[in-house]
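Fold and contact review
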Amino acid sequence: MATYRELLQQVKSEVDEIDSAQARERIESAEPPLLVDVRERDEWVEGFLPGAVHVPRGFLESRIEQVAPDRSRDIVLYCAGGSRSAFAAKSLRDLGYERVASLAGGFTDWKRNGFPIDLPRVLDEDKRRRYSRHVLIPEVGEEGQLKLLDTRILLIGAGGLGSPASLYLAAAGVGKLGIVDDDRVDDSNLQRQIVHSTQELGELKAESAKRTIQALNPDVEVVPYIERLSSENIDRILADGWDLILDGTDNFPTRYLVNDAAVWHGLPLVYGSIYRFEGHVSVFDARRGPCYRCLHPEPPPPELAPSCSEGGVLGVLPGIVGSLQANEALKLALGIGEPLIGRLLTLDAATTEFYEVRVSKRADCPVCGESPTITEYVDYVQFCAGRPAHA
Ligand SMILES: [Zn+2]
């Protein structure tokens, strides 16, 4: 029976080892090797070799194909002192990797030589706890959570759709939320607009939503825009820098304005709409699929348009549709899953049925088509009786 020391000697004699100076030379060459750090997370967070990928030793065999699908690729493995990486190199050789070396002396020797190291961006302990259920999902993980914290989403409207959407996006840790709304909280809103409460009656919705969101998650920066979105202010608001737009206003003038702006600014638009028991959700991104005008090139004449909130809505329906919009926004931010691009999802809350229709990009679309006929914002007339209502 071999002792650990004997086994280590045996393994080291079987694998290729390089020292720090050789490793540095190869890293700085025209064809650098793939550097794999096999240490534990608490070691990685203290610093790593520039360009290295982190695959803890315990996951090496199961994850190496993801980071190095090509078995003929040059790989340099390192740990703290060169022992774990020697065993790891042997394992990779057994898996068919042809050009694997272990860094003798490991990270400790690299650092002792005064060679450069990088510090990783990681979630602090509080954030790791708060977002632990995200970090546990392989498709999200710590990296995805950091991405969400860097994401900036502009919400149009803090009403029925904007309420659940803003709450879930804030809870998920989306770092910056803009809220465009010039309306005040009215008691007839509270049947569905759950970001506001009875104490906030009469307050500006954007301010009321900001307070609720910041009580829920202080990691989120909220930028209120106390104004009605129009052709006059939309470019200024978008110039503040947003990754995507979530339209929660559910009225025609805003819908067309936001669609055209999204096409011209190259931003994805998460669309939601509700009427009585029926909800619609889609993602319009003219770079990858249709825009809203590919579906409906022009607004219907006023006499045919549904009368917005005047038609009434089951209070939970905007909750479902707004949550589906938040789901689309999170997937787009993370770059995971299949967003509703080119698909219009319809749900009937009365029968609890969901169905989907395909929406194609139209070559003759007046905004995103081959020869656009609409090249400036159009301020359509608000169709609802009385003042425009936010969903
Ligand atoms: Zn279009």
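The following paragraphs examine the structure supplied in this document. Please read these numbers as outputs of a predicted model, since none were measured by experiment. (Residues numbered from 1 in each chain as written. Predicted model: local features only at pLDDT ≥ 70, side-chain atom pairs only at ≥ 80, totals over all residues. Heavy atoms only, no water.)

**Observations concerning the overall build of the protein chain**
Threshold: Numbering of helices and strands runs from the N terminus; a helix is a DSSP stretch of H or I covering at least four residues, while a strand is a stretch of E covering at least two. Restricting the calculation to C-alpha atoms gives the radius of gyration, and the globule rule supplies 2.2 Å times the number of residues raised to the power 0.38. Only protein chains enter the calculation, and the probe is 1.4 Å; a residue is then buried if its accessible area is under 20% of its type maximum, exposed if over 50%, and partly exposed in between. Contacts between residues were defined by any pair of non-hydrogen atoms, one from each residue, lying within 4.5 Å. Each accessible area value is a Shrake-Rupley result obtained with a 1.4 Å probe; residue values ignore everything except the protein chains displayed when judging cover. Charged residues are defined narrowly, with Lys and Arg counted positive, Asp and Glu counted negative, and His plus the chain ends left uncounted. To locate a charge, the coordinates of NZ of Lys, CZ of Arg, CG of Asp or CD of Glu are taken.
Looking only at helices and strands, one finds 15 helices and 13 strands in the protein chain. Relative to a compact globule of 391 residues, whose C-alpha radius of gyration would be 21 Å, the protein chain shows 27 Å and is clearly more extended. Overall size of the protein chain, expressed as C-alpha extent along the three principal axes, is 85 × 50 × 40 Å. For the protein chain, buried positions account for 51% of its 391 residues. Sequence separation of 24 or more characterises 69% of the internal contacts of the protein chain that already satisfy a separation of 6 or more. Approximately 18,400 Å² of the protein chain is accessible, and the part contributed by carbon and sulfur atoms is 50%. Computed over 43 positive and 60 negative side-chain charges, the separation of the two mean positions in the protein chain equals 4 Å.

**Thoughts on the packing of aromatic side chains**
For clarity, the threshold we go by: Only centres within 6.5 Å qualify two rings of Phe, Tyr or Trp (six-membered ring in Trp) as a pair; their planes then separate them into stacked at under 30 degrees, edge-to-face at over 60, and tilted for everything else.
Evaluation of the coordinates by the stated rule reveals 12 aromatic pairs. Centre to centre, the rings of Tyr-256 and Tyr-292 are 5.2 Å apart; their planes meet at 75 degrees, and the pair counts as edge-to-face. Here Tyr-256 is found in helix α13 (residues 252-265), whereas its partner Tyr-292 is found in helix α14 (residues 292-295), with 36 residues between them in sequence. Judged on exposure class, the residue Tyr-256 and its partner Tyr-292 are both buried. Judged by centre distance (5.3 Å) and plane angle (40 degrees), the rings of Tyr-271 and Tyr-292 are tilted. With Tyr-271 in strand β10 (residues 269-275) and Tyr-292 in helix α14, the pair connects residues that are 21 residues apart, well separated along the chain. You can call Tyr-271 buried: its relative accessible area is 6%. You can call Tyr-292 buried: its relative accessible area is 2%.

**A closer look at the sheet that holds strand β4 (residues 74-78)**
Using the following cut-off: Between any two strands, at least two bridges found by DSSP are needed for them to pair. Working convention: axes come from line fits to C-alpha atoms, limited for helices to the stretch in contact. Angles between N-to-C directions cover 0 to 180 degrees.
Across the sheet, which stays open at both edges, the 5 strands sit in the order β1-β5-β4-β2-β3 with parallel pairing between neighbours. The open sheet has two edge strands with one neighbour each: β1 (16-18) and β3 (53-54). Pairing between strand β2 (residues 34-37) and β4: 4 bridges, direction parallel. Within β4, the residue paired with Leu-35 across the bridge is Val-76. Packing against the sheet, helix α2 (residues 20-27) makes contact with β1, β2, β4 and β5 (99-103), and its axis sits at approximately 90 degrees to β1.

**A word on the coordination of the zinc ion**
Rules: In this listing, donors mean N, O and S atoms no farther than 2.8 Å from the metal, or 3.2 Å for Na, K and Ca; water is missing from the atoms, so a site can look incomplete. Here the metal geometry follows the donor angles, with tetrahedral for four donors whose angles all fall between 85 and 135 degrees, square planar for four and octahedral for six when opposite donors are more than 155 degrees apart and every other angle is between 65 and 115, and irregular for all the rest.
Coordination of the zinc ion by the protein involves Cys-291 (SG), Cys-294 (SG), Cys-365 (SG) and Cys-368 (SG), with metal-donor separations of 2.2 to 2.3 Å. Each of the 4 donor atoms around the zinc ion contributes to a set of angles spanning 96 to 125 degrees, which defines the coordination as tetrahedral. Residue classification places Cys-368 among the buried residues on the basis of a relative accessible area of 15%.

**What about the pattern of salt bridges?**
What counts is decided by this rule: By salt bridge we mean one thing: a side-chain nitrogen of Lys or Arg within 4 Å of a carboxyl oxygen of Asp or Glu.
For the structure on display, the rule yields 30 salt bridges. Glu-61 is the partner of Arg-57 in a salt bridge, and the nearest nitrogen-oxygen pair spans 3.1 Å. Taking relative accessible area as the criterion, Glu-61 reaches 34% and is therefore assigned partly exposed.

**Some details on the packing of helix α10 (residues 162-171) against helix α15 (residues 316-334)**
Our working rule: An angle below 35 degrees is read as roughly parallel, one above 145 as roughly antiparallel, one from 65 to 115 as roughly perpendicular, and any other as oblique. Each crossing gets its handedness from the near helix: less than a right angle anticlockwise from the far helix is left-handed, clockwise is right-handed. Asp, Glu, Lys and Arg are counted as charged, while Ala, Val, Leu, Ile, Met, Phe, Trp, Tyr, Cys and Pro are counted as nonpolar; the rest, among them Gly, fall into the polar class.
Two elements in contact, α10 and α15, have axes whose closest approach is 7 Å; the angle formed by their N-to-C orientations is 40 degrees. When the interaxial angle is binned, α10 and α15 end up oblique. Once α10 is placed against α15, the crossing between them reads as right-handed. Contact residues: Pro-164, Ala-165, Tyr-168 and Leu-169 in α10; Pro-318, Gly-319, Gly-322, Ser-323, Ala-326, Ala-329 and Leu-330 in α15. Of the residues belonging to the contact of α10 with α15, the class tally is 8 nonpolar, 3 polar and no charged.

**Concerning unusual backbone geometry**
Despite not being glycine, Arg-276 has its phi angle at roughly 55 degrees, a positive value. Inspection of the secondary structure assignment puts Arg-276 in the loop between β10 and β11 (278-284). Among the residues examined, Arg-276 registers a relative accessible area of 44% and is labelled partly exposed. The phi dihedral of Thr-352 falls on the positive side, at around 50 degrees, and the residue is not glycine. Here Thr-352 shows up in the loop between β12 (343-348) and β13 (353-358). A relative accessible area of 60% means that Thr-352 is categorised as exposed.

**Observations concerning the packing of α10 against helix α11 (residues 205-216)**
Running from amino to carboxyl end, α10 crosses α11 at an angle of 30 degrees, the nearest separation of the two axes being 9 Å. For the element pair α10 / α11, the angle class is roughly parallel. Between α10 and α11 lies a crossing whose hand is right-handed. Contacts from Ser-166, Leu-167, Ala-170 and Ala-171 of α10 reach α11 at Thr-212, Ile-213 and Leu-216. Its residues assigned to classes, the contact of α10 with α11 comprises 5 nonpolar, 2 polar and no charged.

**Some points on the pairing of strand β6 (residues 152-156)**
Consecutive side chains along a regular strand alternate between the two faces of the sheet. Buried residues dominate β6, accounting for 4 of its 5 residues. Of the pairings in the sheet, the one linking β6 to strand β9 (residues 244-247) comprises 4 bridges and is parallel in character. Directly across from Leu-154, in β9, lies its bridge partner Ile-245.

Treat this as a map of the structure, not an account of what it does.
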